[in-house]
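Coordinate analysis (summary)
Residues per chain are reported as follows:
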Amino acid sequence: MNETIIIVTLETQTALHVGGSGGDEVTDDLLRRDTQGQLFIPGSAIAGPLRAIATRLAPRLGSKPCAALGEDRNQCGCWVCDLFGEVNPQEGDERGGYASSLWVEDAYDSARRHGPTSIRDGVGIDRPSGAAARQGSVKFDLEVLPTGATFEVRITLRSHSDP
């Protein structure tokens, strides 16, 4: 098995909120923290948008569009599914499902270079009407990271092919 490891530094261009597990007496929705209280961005919150970008770019780069995102939701074998894993693996399919060969680890700011977090107000939106939500979900607040916060993420590409 071959592995290629890429370490990337992500920097926020605007304030960022990656939700945790609820709030406290200060805010309704805290940032995601590990058991030691260190802020992090889950690898899945990075891998999902990477897959969405790759899915949109693939046809422009000469690949067939991802059929797994169509109405039949079958496996397609496009290079995006080869890289990120099957969207909807089916038992009994002769190809079988397979996992992602691209692994995105959680992104941490180990040097704690970001500034202090802040609390922002928000207003709930009723999606069908586009207007402010009614009753108890109208106003909320959330903790955000400032512009310029940096996180390091490790991405590993595993290949089973021979060099």
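Residues numbered from 1 in each chain as written. Predicted model: local features only at pLDDT ≥ 70, side-chain atom pairs only at ≥ 80, totals over all residues. Heavy atoms only, no water.

A short note on the side chain of E143
- Within the fold, E143 resides in strand β6 (residues 139–144).
- A polar contact of 2.9 Å, which involves the side chain of E143, links it to the side chain of R33.
- Within polar-contact distance, the side chain of E143 engages the side chain of T117 at 2.8 Å.
- Excluding residues within four positions of it along the chain, E143 makes contact with L16, H17, T27, D29, L30, L31, R33, T117, S118 and I119. (Helix = DSSP H or I, 4+ residues; strand = E, 2+ residues; numbered from the N terminus. Polar contact = N/O pair within 3.5 Å; in protein donor to acceptor, adjacent residues only side chain to side chain. Contact = heavy atoms within 4.5 Å.)

A word on the confidence of the model for the protein chain
- Predicted confidence across the protein chain gives a mean pLDDT of 79, with 75% of residues reaching 70 or more.
- The secondary-structure element of the protein chain with the lowest mean pLDDT is strand β5 (residues 118–123), recorded at 78, while strand β3 (residues 102–104) shows the highest, at 92. (pLDDT = per-residue confidence, 0-100.)

Thoughts on the packing of aromatic side chains
- Going through the model one piece at a time under the given rule, you end up with 1 aromatic pair.
- When the centroid spacing of 5.3 Å and the interplanar angle of 25 degrees are considered together, the rings of F40 and Y108 count as stacked. With F40 in strand β2 (residues 40–41) and Y108 in strand β4 (residues 107–108), this pair connects stretches of sequence that are 68 residues apart. (Phe/Tyr/Trp six-rings, centres within 6.5 Å; stacked < 30°, edge-to-face > 60°.)

Comments concerning a nonpolar patch on the surface
- On the surface, I53, L57, L61 and W79 cluster together into a nonpolar patch covering about 390 Å² of accessible area.
- Along the chain, the position of L57 falls in helix α1 (residues 43–57). (Patch = residues over 30% accessible without salt bridge, like charges linked within 9 Å, V, L, I, M, F, W, Y side chains within 5 Å. Areas by Shrake-Rupley, 256 points an atom, 1.4 Å probe, with all protein chains shown as cover. Salt bridge = Lys/Arg side-chain N within 4 Å of Asp/Glu carboxyl O.)

Brief notes about the pattern of salt bridges
- The tally for this structure, following the rule as stated, stands at 3 salt bridges.
- Note that E3 and R158 form a salt bridge whose closest N and O atoms lie 2.8 Å from each other. Placement of E3 in strand β1 (residues 2–11) and of R158 in strand β7 (residues 150–159) is noted, with a sequence separation of 155 residues between them.
- Residue classification places R158 among the partly exposed positions, given a relative accessible area of 29%.
- Across the pair E105 and R154 runs a salt bridge, and its minimum N-O distance is 3.4 Å. Taken together, the positions of E105 in the loop between β3 and β4 and R154 in strand β7 put the pair 49 residues apart, joining distant regions of the chain.
- Using a relative accessible area of 33% as the deciding quantity, one classes R154 as partly exposed. (Buried < 20%, exposed > 50% of the residue type's maximum accessible area, 1.4 Å probe, protein only.)

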